[in-house]
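Structure at a glance
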Amino acid sequence: MWDFFETVRRRHSVRKYRTDMAVETEKLHAVLEMACAAPSAGDLQSYHIAVVTTPALRQALAEAAAGQEFIAEAPVTLVFCSHGERAAAKYGERGRELYALQDATIAATYAQLAVVAAGLGSAWVGQFDATAVARLLKLDAGLRPIALLTVGYPAELPEPTPRRHLTEVVSYR
Ligand SMILES: Cc1cc2nc3c(=O)[nH]c(=O)nc-3n(C[C@H](O)[C@H](O)[C@H](O)COP(=O)(O)O)c2cc1C
């Protein structure tokens, strides 16, 4: 296992996957457990994670995501959904519109780092038709897909991309 800093540094978006290597069930469970270890507003865990592995659904997801074919290639896609009503029950509109979204996003972030620590690769996909994805996956009403995370063994080693300098991004007050 890499330490945390090494894990963060080694995370790069992977958009090519080994089609001859499945994701082991234990690794997938470990990733999902880390996702669910994320903090959440009021500890309400206002999210749902749909695990997509069937080839037909993966292909349909790729089509719902502007034809990003690597989604069909990846053996697993995790679909992170916000559960607005769950957060709204305690926090009203702010819960529905902000906290549930943040809960789902943080869970996806934890999962993405866990994927790296498990020796796998991933890409965060935000460009998709949420209505189409909800219909394809027959999601319960009230669940809103907010991020897809493709997961699999990388078939490429992506180059690190540059980041804005800290002095540009951070201010001290
Ligand atoms: C909110 C969000 C939406 C994104 N949507 C897509 C997407 O639809 N397709 C894609 O290939 N990558 C997508 N990405 C991945 C980014 O392009 C990628 O993280 C960025 O270029 C930095 O590269 P790195 O992940 O290798 O560090 C998305 C990332 C985020 C956080």
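I will try to describe carefully the structure that is included in this document. (Residues numbered from 1 in each chain as written. Predicted model: local features only at pLDDT ≥ 70, side-chain atom pairs only at ≥ 80, totals over all residues. Heavy atoms only, no water.)

1. Some words on the packing of aromatic side chains
Each aromatic ring pair is described using two quantities: the centre-to-centre distance and the angle formed by the ring planes. Enumeration according to the criterion identifies 2 aromatic pairs in this entry. Aromatic side chains phenylalanine 4 and phenylalanine 5 sit 5.8 Å apart centroid to centroid with 80° between the ring planes, which places their arrangement in the edge-to-face category. Accessibility assignment for this pair places phenylalanine 4 and phenylalanine 5 in one class, exposed. With a centroid separation of 5.0 Å and an interplanar angle of 80°, the aromatic rings of tyrosine 91 and tyrosine 99 are classed as edge-to-face. Among the residues examined, tyrosine 91 registers a relative accessible area of 29% and is labelled partly exposed. (Phe/Tyr/Trp six-rings, centres within 6.5 Å; stacked < 30°, edge-to-face > 60°. Buried < 20%, exposed > 50% of the residue type's maximum accessible area, 1.4 Å probe, protein only.)

2. Details of the site of the ligand
If you check the shell around the ligand, you find Arg11, His12, Ser13, Arg15, Gln68, Phe70, Trp124, Val125, Gly126, Gln127, Thr161 and Arg163 and nothing else. One of the backbone N or O atoms of tryptophan 124 is found 2.9 Å from a nitrogen atom in the ligand. Across the complex, the protein chains shield 61% of the 620 Å² of accessible surface that the ligand would expose by itself. (Near = heavy atom within 4 Å. Polar contact = N/O pair within 3.5 Å; in protein donor to acceptor, adjacent residues only side chain to side chain. Areas by Shrake-Rupley, 256 points an atom, 1.4 Å probe, with all protein chains shown as cover.)

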